[in-house]
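Read off the chains here:
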Amino acid sequence: MTEADFDFLRALLHQRSGLSLSQDKRYLAESRLGMLCRRRGIDGLSTLVQALRPGTDLLLENAVIEAMTTNETLFFRDRTPFDLFRDVILPEKLTANAASRTLRIWCAAVSTGQEAYSLAMILDEMAARLVGWKVEILGTDISSEVLEKARAGIYSQFEVQRGLPIQMLLRHFRQDGDKWQVSERIRAMVELKPHNLLLPNSHFGQFDIIFCRNVLIYFDVPTKAKVMAALAQRLTADGVFVLGAAETVIGITTTIVPDKSHRGLYRESRSSNAQSAGLGLPFDRTRTPTLSSVRG
Amino acid sequence: MKYCLVVDDSAVIRKVARRILEGLQFRIAEAEDGARAIDACKGEMPDAVLLDWNMPIMDGYDFLRTLRQMPGGKRPKVVFCTTENDIAHIARAMHAGADEYIMKPFDKEIVASKFHQVGLL
Ligand SMILES: C[S@@+](CC[C@H](N)C(=O)[O-])C[C@H]1O[C@@H](n2cnc3c(N)ncnc32)[C@H](O)[C@@H]1O
């Protein structure tokens with residue numbers, strides 16, 4: 001692939017999906033897009049780039065984005081966020097929303113569905129406490145390919161063995177040879193829709209809980225900040241924001257801040273559960289005072 | 001160091017399982033059928049048992065039921081690891097007192113995930 005073609009693809013991916021592809025990912029682009037070309041009968045990467053340059057073939061652009069995104073996910077990935085969901089977030093929201101009896105959850109990069117179905121299985125176990133409640137789980141992703149798989153809810157034997165307790169497999173799945181399908185009941189709890197995190201999101205309304213895990217790691221800092229600010233707008237006043245295990249807001253945004261008592265949970269900065277500025281950041285004191293703090 | 005008994009009539013599987021579990025910091029003993037596994041448990045009750053289903057002499061299911069009757073036999077975490085991959089077998093094993101269930105073929109990640117699941121990691 002020529003330098004110019006690679007630069008074109010990097011710009012396209014960055015602009016359309018947020019994906020920030022460093023120079024050393026060139027081999028990865030060559031191999032994944034090479035595969036895409038073979039599948040579609042395109043005779044090489046330069047022909048692919050030529051077809052993309054006019055910017056009119058949106059389906060081909062999507063195929064390139066899909067080929068370059070990482071969709072890896074697991075049921076109950078990293079476990080802790082799901083324990084926090086059950087033990088901290090849900091009890092809090094059951095009290096806070098007792099009047100409206102509604103609960104809205106958004107998995108903002110749901111991939112093949114495991115994250116949303118894990119939450120649905122937890123909610124199903126608490127069904128007795130949710131009688132009369134309207135609970136919504138929205139799962140979105142930029143890739144229609146992964147959404148299709150999420151909708152089918154069919155997983156391989158390997159996929160159902162990583163992270164998913166066997167009792168949950170027994171309770172919530174139907175076996176079909178060496179494939180396992182999530183039960184109709186759990187699937188019906190999750191609504192799946194295409195959505196690009198870089199695009200406006202106000203039509204989705206407000207959410208009590210947003211999971212946005214293991215997608216921002218592929219973005220550069222300005223894009224991460226922009227997406228976090230856009231998601232913060234969708235949080236209810238005391239909504240909870242959950243990131244991936246290796247992700248943070250520190251040094252990226254101040255619109256979403258760590259929760260004051262639970263590591264791994266985040267809040268909109270004005271929330272009463274937000275950590276106050278400087279807490280947990282001892283090095284803050286050594287920072288040069290800003291104009292506003294001097295005036296204040 | 002936690003102690004895990006690997007029960008499988010296949011020497012190859014025992015070797016693979018041993019390598020994975022030693023990597024997860026377990027001390028390992030092996031048994032090639034259920035009867036020998038019971039003897040091993042009489043000598044020293046393990047923290048964990050990785051258990052095949054189909055074996056000569058005493059199969060995994062009978063081993064599990066016998067183990068659970070033994071003094072101290074409720075304590076070990078028992079993880080089935082078997083090619084009996086249909087839901088009926090899984091339900092039967094769980095009913096008999098298994099803690100987790102691995103469907104073969106397996107890899108290190110699956111073993112780690114399941115052992116984590118039952119609190120062994
Ligand atoms: C690694 S998966 C994460 C799945 C799940 N949240 C988890 O933590 O296991 C990342 C997902 O983000 C999606 N994605 C990448 N860029 C996106 C964008 N701009 N808008 C929405 N989804 C995006 C990918 O298609 C992929 O399915």
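Residues numbered from 1 in each chain as written. Chains lettered and ligands numbered in written order. Predicted model: local features only at pLDDT ≥ 70, side-chain atom pairs only at ≥ 80, totals over all residues. Heavy atoms only, no water.

**Description of the sheet that holds strand β9 (residues 256-258) of chain A**
Residues and elements named next belong to chain A.
So, point 1. Judged by pairing direction, the sheet is mixed, and its 7 strands sit side by side in the order β6-β2-β1-β7-β8-β10-β9 without closing on themselves. The open sheet is flanked by β6 (190-194) and β9, the only strands paired with a single partner. Averaged over all adjacent pairs, the angle separating strand axes in this sheet is 25°, with direction ignored.
So, point 2. With 6 bridges connecting them, strand β1 (residues 102-107) and strand β2 (residues 134-141) associate as parallel partners. Bridge pairing in β2 places tryptophan 106 opposite leucine 138.
So, point 3. Helix-sheet contacts for helix α6 (residues 114-125) involve β1, β2, β6 and β7 (207-212), and the interaxial angle to β1 is about 155°. (Pairing = 2+ DSSP bridges. Helix = DSSP H or I, 4+ residues; strand = E, 2+ residues; numbered from the N terminus. Axes fitted to C-alpha atoms, helices over the stretch in contact; angles between N-to-C directions. Contact = heavy atoms within 4.5 Å.)

**A look at the packing of helix α3 (residues 45-52) of chain A against helix α4 (residues 58-68) of chain A**
In a pair of packed helices, the angle between the axes and the distance between the axes together describe the arrangement.
All names here are of chain A.
So, point 1. Between α3 and α4, whose axes approach to 9 Å, the crossing angle comes to 130°. Taken as axis vectors, α3 and α4 run oblique relative to one another. Seen from above, α3 lies across α4 with left-handed handedness. Residues Leu48, Ala51 and Leu52 of α3 pack against Leu60, Glu61 and Val64 of α4.
So, point 2. Among the residues making up the contact of α3 with α4, the classes are represented as 5 nonpolar, no polar and 1 charged. (Parallel < 35°, antiparallel > 145°, perpendicular 65-115°, else oblique. Left-handed = near helix turned anticlockwise from the far one by under 90°. Nonpolar A, V, L, I, M, F, W, Y, C, P; charged D, E, K, R; others polar.)

**Notes on the site of the ligand**
Residues and elements named next belong to chain A.
So, point 1. Contacts to the ligand come from 20 residues, most closely from Ser17, Thr73, Arg77, Asp141 and Asn214.
So, point 2. One nitrogen or oxygen atom from the main chain of serine 17 is found 2.7 Å from a nitrogen atom belonging to the ligand.
So, point 3. For the ligand, an oxygen atom lies 3.4 Å from a polar atom in the side chain of serine 111.
So, point 4. Protein coverage of the free-state accessible area of the ligand, which is 600 Å², stands at 98%.
So, point 5. The residue inventory of the shell around the ligand, partitioned by class, reads 5 nonpolar, 10 polar and 5 charged. (Near = heavy atom within 4 Å. Polar contact = N/O pair within 3.5 Å; in protein donor to acceptor, adjacent residues only side chain to side chain. Areas by Shrake-Rupley, 256 points an atom, 1.4 Å probe, with all protein chains shown as cover.)

**Quick word on the UniProt feature "domain: Response regulatory" (unreviewed entry) in chain B**
So, point 1. UniProt records the feature "domain: Response regulatory" (unreviewed entry) for residues 3-119 of chain B in the present numbering.
So, point 2. Structurally, residues 3-119 of chain B comprises 44% helix and 21% strand, and the distance from its first C-alpha atom to its last is 14 Å. (UniProt positions renumbered as here; feature names shortened; annotations may be inferred.)

**Re the interface of chain B and chain A**
So, point 1. Listed as interface residues are 20 residues of chain B and, on the opposing side, 16 residues of chain A.
So, point 2. Of the roughly 1600 Å² buried at the junction of chain B and chain A (both faces included), carbon and sulfur atoms supply 56%.
So, point 3. The largest share of the area that chain B buries against chain A comes from B:Ile87, B:Met103 and B:Gln117, three residues that together contribute 34% of it.
So, point 4. Put simply, chain B and chain A have 1 salt bridge between them.
So, point 5. For the salt bridge of A:Arg162 with B:Glu109, the shortest nitrogen-to-oxygen distance reads 2.5 Å.
So, point 6. Counting every contact that joins chain B to chain A gives 11 residue pairs in polar contact (both at pLDDT 80 or more).
So, point 7. If you list the elements that add at least two residues to the side of chain B that touches chain A, you get α4 (87-95), β5 (100-103) and α5 (108-117) of chain B.
So, point 8. Per-element accounting of the side of chain B that touches chain A gives the leading share, 6 residues, to α5(B).
So, point 9. Residues of the side of chain B that touches chain A, tallied by class, amount to 9 nonpolar, 4 polar and 7 charged. (Buried area = accessible area lost by both parts, 1.4 Å probe. Salt bridge = Lys/Arg side-chain N within 4 Å of Asp/Glu carboxyl O.)

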